[in-house]
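Summary of the model geometry
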2 protein chains.
Amino acid sequence: MRIALLGGTGDVGEGLAVRWRRDTDHEVLVGSRDPERARAAAETYADTVRADAGDETAVSPEIAGYANEMAADRADVIVLAVPPYHVADTVDAVTDRLDEENVLVTPAAGMQRGEDGFSYHPPGAGSVAALVREHTPESVPVVGAFHNLAAGRLADLDAAMGIDTLVFGDDEAAVSRIVRLAEEIDGLRALRAGGLGVAPEVESLTPLLINLAHENDDLTDLGVRFH
Amino acid sequence: MRIALLGGTGDVGEGLAVRWRRDTDHEVLVGSRDPERARAAAETYADTVRADAGDETAVSPEIAGYANEMAADRADVIVLAVPPYHVADTVDAVTDRLDEENVLVTPAAGMQRGEDGFSYHPPGAGSVAALVREHTPESVPVVGAFHNLAAGRLADLDAAMGIDTLVFGDDEAAVSRIVRLAEEIDGLRALRAGGLGVAPEVESLTPLLINLAHENDDLTDLGVRFH
């Protein structure tokens, strides 16, 4: 499978890229608005995976950098690893490359900082996932996943995960595909959270985790496990 | 310390009552609008604690039933273990019994059921905690805690907890008091989540947990652990 990480030069993109390359045979396409930055990031991620394998002379792992549009065009699964305020633009730039064979995955959450810390601040559509749905042709499945992955831990291949990601969407086959893709990452468990309508509750976890890390000295780079 | 559980005949009240009585020396006052129901529940909870101790002839553990007003009047810490739509009435009925030496604790979350499962549906005040704050004299500290405790597990003294509760509020001393009280329950960890303004993100976890249990066959009576 080919996975595009649009905005993949950020920390969530980095973490997913190196984990999927280490733990699976999927090809990873790092996307950016600037293809040069995408190629540089892909190079760095490939170095990380080679170093982890203890073989710095190995042929390049299958991580390549492209402009977002090209990455989306070539991929089966497309992850919108961009900040929430770039989600709509990024989707608009790539939708004509997508069809019903693709899955568009949204991991972003809208937040704002206030006196009491970060709070959930969704776009006018009601959630980032709803915004993605509004900007995507109806035939293309949209799935929410990979919101609360403790990005630093995800990108550190020496770190154990042992955490959950919540997967939601209205297209059952697309949700199942992303659940399998998530669970191919060692130590990550994927739980189904429901249809796209549950997006606000899932996206709300992101500011909550930031606040918990801020308020509790012994907690950093937090993930969550349901049991 | 004396702890009142208003609406303590419900499942969260039951769980907190039997855990605090087993794990601490605090006196537990079960409150209800109907003092007869409160006394019957207190009797049942006392039996549970005695059975757990393996001594069914022991003198009554310190669990007693009262009308909500009387329970609030006698207690140091008052937990509003009522459904969200009874929170305002319950607070109004007891506020003249409270002062700055008390802490009023709110564990409730507003939800509604829709096509995609349960979603967060706060009262007009913005959160249940904000509603409690609006109905409570300014001198009385309000703290949010005990929202996501897997009520069935909490009430089953044979079940291990191993989960977190999130504690928030604007009065640091009151938050610390509730953090300590929470951690006196074996296996429960209390994390600070910030000021009262973080209530929506914490309360949103409750519908999320219900949806996760519904969507994933192997998960029931879910709690959450941050790490």
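See the structure shown above.
Definitions and limits used
Position numbers for residues start from 1 in each chain and track the written sequence from start to end. The naming scheme follows written order: chains are lettered A onward, ligands numbered 1 onward. For a predicted model such as this one, the threshold for reporting local features is a pLDDT of at least 70, and the threshold for listing and counting side-chain atom pairs is 80 or more; totals across whole chains, interfaces and linings nevertheless cover every residue. Side-chain figures throughout are based on the complete set of non-hydrogen atoms in the structure, without hydrogens or water. The helix count covers DSSP runs of H or I at least four residues long, the strand count covers runs of E at least two residues long, and both are numbered beginning at the N terminus. The globule rule is 2.2 Å times the number of residues to the power 0.38, and the radius of gyration it is compared with is taken over C-alpha atoms. Exposure is judged per residue with a 1.4 Å probe applied to protein chains only, and the accessible area is read against the type maximum: over 50% gives exposed, under 20% gives buried, and values in between give partly exposed. A contact between two residues is defined here by any heavy atoms of the two lying within 4.5 Å. All accessible-area figures derive from a Shrake-Rupley calculation using a 1.4 Å probe, and residue coverage is judged against the displayed protein chains alone. In this charge count, Lys and Arg are treated as positive and Asp and Glu as negative; neither His nor the chain ends contribute. Throughout, a charge is located at the NZ atom of Lys, the CZ atom of Arg, the CG atom of Asp or the CD atom of Glu. Residues reaching a pLDDT of at least 70 in both copies supply the C-alpha atoms on which the copies are superposed by least squares. Once two parts are joined, some of their accessible surface, as seen by a 1.4 Å probe, is lost; buried area is that loss totalled over both. What makes a salt bridge here is a side-chain nitrogen of Lys or Arg within 4 Å of a carboxyl oxygen of Asp or Glu, nothing more. The definition of a polar contact used here is a pair of N or O atoms within 3.5 Å, where within protein one atom must be able to donate a hydrogen and the other to accept one, and adjacent residues in sequence count solely through side-chain atom pairs. With the strands pointing away from the viewer, any crossover whose connection runs clockwise from the first strand over the helix to the second is right-handed. Strands are treated as partners if at least two bridges between them are detected by DSSP. A patch is a set of surface residues, each over 30% in relative accessible area and not in a salt bridge, joined within 9 Å for like charges and within 5 Å for the nonpolar side chains Val, Leu, Ile, Met, Phe, Trp and Tyr. As a rule, the C-alpha atoms of each element are fitted with a line to give its axis, helices using only the stretch in contact, and angles between N-to-C directions run from 0 to 180 degrees. Should an angle lie under 35 degrees it is considered roughly parallel, over 145 roughly antiparallel, and from 65 to 115 roughly perpendicular; all remaining angles are considered oblique. Throughout, a crossing is termed right-handed when the near helix is turned clockwise from the far one, and left-handed when it is turned anticlockwise from it by less than a right angle.

A short note on the overall build of chain A
The secondary structure content of chain A amounts to nine helices and 11 strands. Taken against the 2.2 N^0.38 rule, which gives 17 Å for 227 residues, the C-alpha radius of gyration of chain A at 17 Å falls within 12% of a compact globule. Taking the principal axes of the C-alpha coordinates as reference, chain A spans close to 50 × 45 × 30 Å. In chain A, buried positions account for 55% of the 227 residues. Across chain A, the fraction of contacts at a sequence separation of at least 24, relative to all contacts at a separation of at least 6, is 72%. Summed over its atoms, the accessible surface of chain A is roughly 9,100 Å², and 45% of this surface lies on carbon and sulfur atoms. Of note, chain A has its 18 positive side-chain charges centred 3 Å away from the centre of its 41 negative side-chain charges.

Focus: the relation of the copies chain A and chain B
Superposing chain A onto chain B takes a rotation of 180° plus a shift of 0.0 Å along the axis, which leaves an RMSD of 0.0 Å. When the rotation and shift are considered jointly, the pair of chain copies conforms to a two-fold rotation axis. Across chain A, the smallest distance between a C-alpha and the rotation axis is recorded for A:Arg225, namely 2.6 Å.

Quick notes on the interface of chain A and chain B
Taken together, the 37 residues of chain A in the interface contact 37 residues of chain B. When chain A packs against chain B, close to 2,700 Å² is buried across both sides, 61% of that on carbon and sulfur atoms. On inspection of chain A and its partner chain B, the count reaches zero salt bridges. Counting across the chain A and chain B interface gives 11 residue pairs in polar contact (both at pLDDT 80 or more). Residue assignment for the side of chain A that touches chain B shows that the elements contributing at least two residues are β7 (117-120), β9 (163-169), β10 (188-194), α8 (199-203), α9 (205-215) and β11 (224-226) of chain A.

Section: the pairing of strand β2 (residues 27-32) of chain B
All names here are of chain B. Within β2, five of the six residues are buried, which leaves it mostly tucked inside the rest of the structure. For the crossover from strand β1 (residues 2-6) across helix α1 (residues 11-23) to β2, the handedness is right-handed. Bridge count between β2 and strand β3 (residues 63-67): five bridges; the pairing is parallel. Bridged to glycine 31 within β3 is tyrosine 66.

Thoughts on a negative patch on the surface
All names here are of chain A. A surface patch of negative charge is lined by Asp11, Asp156, Asp158 and Asp221. Following the sequence through the fold, aspartate 221 ends up in the loop between α9 and β11. When its relative accessible area of 30% is taken as the criterion, aspartate 221 is described as partly exposed.

Examining unusual backbone geometry
Residue and element names in this part refer to chain B. Positive phi is not limited to glycine here, since alanine 150 has a value of about 55°. Residue class for alanine 150 comes out buried when judged on its relative accessible area of 7%. The residue aspartate 221 is not glycine, and still its phi comes out positive at about 50°.

A short note on the sheet that holds β9(A)
Residues and elements named next belong to chain A. Read across the open sheet, the eight strands follow the order β3-β2-β1-β4-β5-β8-β9-β10; overall the sheet is mixed. Edge strands, defined here as strands with exactly one partner in the open sheet, are β3 (63-67) and β10. Neighbour-to-neighbour, the strand axes of this sheet turn through a mean angle of 25°, independent of strand direction. Of the pairings in the sheet, the one linking strand β5 (residues 103-106) to strand β8 (residues 142-144) comprises three bridges and is parallel in character. In the sheet register, valine 105 faces β8, and the bridge partner there is valine 143.

A short note on the pattern of salt bridges
Once the charged atoms of two side chains with opposite charge are near each other, the side chains can pair. The tally for this structure, following the rule as stated, stands at 18 salt bridges over all chains. In this structure, A:Glu36 and A:Arg39 form a salt bridge, with 2.9 Å as the shortest nitrogen-oxygen distance. With a gap of three residues between them, A:Glu36 and A:Arg39 both fall in helix α2 (residues 35-53), about one helical turn apart. Given the relative accessible area of 41%, A:Arg39 is considered partly exposed. The residue B:Arg192 makes a salt bridge to B:Glu172 at a minimum N-O spacing of 2.5 Å. In this pair, B:Arg192 sits in strand β10 (residues 188-194) while B:Glu172 sits in helix α7 (residues 172-183), placing the two residues 20 residues apart along the sequence. Assessed through its relative accessible area of 22%, B:Arg192 is described here as partly exposed. Several salt bridges share partner residues, and in doing so they unite A:Arg22, A:Asp23 and A:Asp52 into one network.

A few points about the sheet that holds β1(B)
All names here are of chain B. Strand order in this open sheet of eight strands is β3-β2-β1-β4-β5-β8-β9-β10, and the pairing throughout is mixed. Edge positions in the sheet fall to β3 and β10, since each of these pairs with one other strand and no more. For this sheet, the mean angle separating the axes of adjacent strands, direction not counted, is 25°. Inspection of the sheet shows strand β8 (residues 142-144) paired to strand β9 (residues 163-169) by two bridges, in the antiparallel sense. Note that in β9 the partner of valine 143 across the bridge is glycine 169. The strands touched by helix α2 (residues 35-53) are β2 and β3; relative to β3, the strand with the most contacts, the crossing angle is about 170°.

Comments concerning the packing of α1(B) against α2(B)
All names here are of chain B. As a packed pair, α1 and α2 sit with axes 10 Å apart at the nearest point and diverge in direction by 45°. Here α2 runs oblique to α1, going by the angle between their axes. Of the two elements, α1 crosses α2, and the hand of that crossing is right-handed. In this structure, α1 contributes Gly13, Glu14, Ala17, Val18, Arg21 and Arg22 to the contact, and α2 contributes Tyr45, Thr48, Val49 and Asp52.

Considering the packing of helix α4 (residues 87-94) of chain A against helix α5 (residues 128-135) of chain A
Residues and elements named next belong to chain A. Across the interface, α4 lies against α5 with an axial gap of 9 Å and an inter-helix angle of 30°. As summarised for this structure, α4 and α5 are arranged roughly parallel, according to the angle between their axes. In terms of crossing hand, the pair formed by α4 and α5 is right-handed. For the pair α4 and α5, contact is made by Val87, Ala88, Val91 and Asp92 and by Val128, Leu131, Val132 and His135, respectively.

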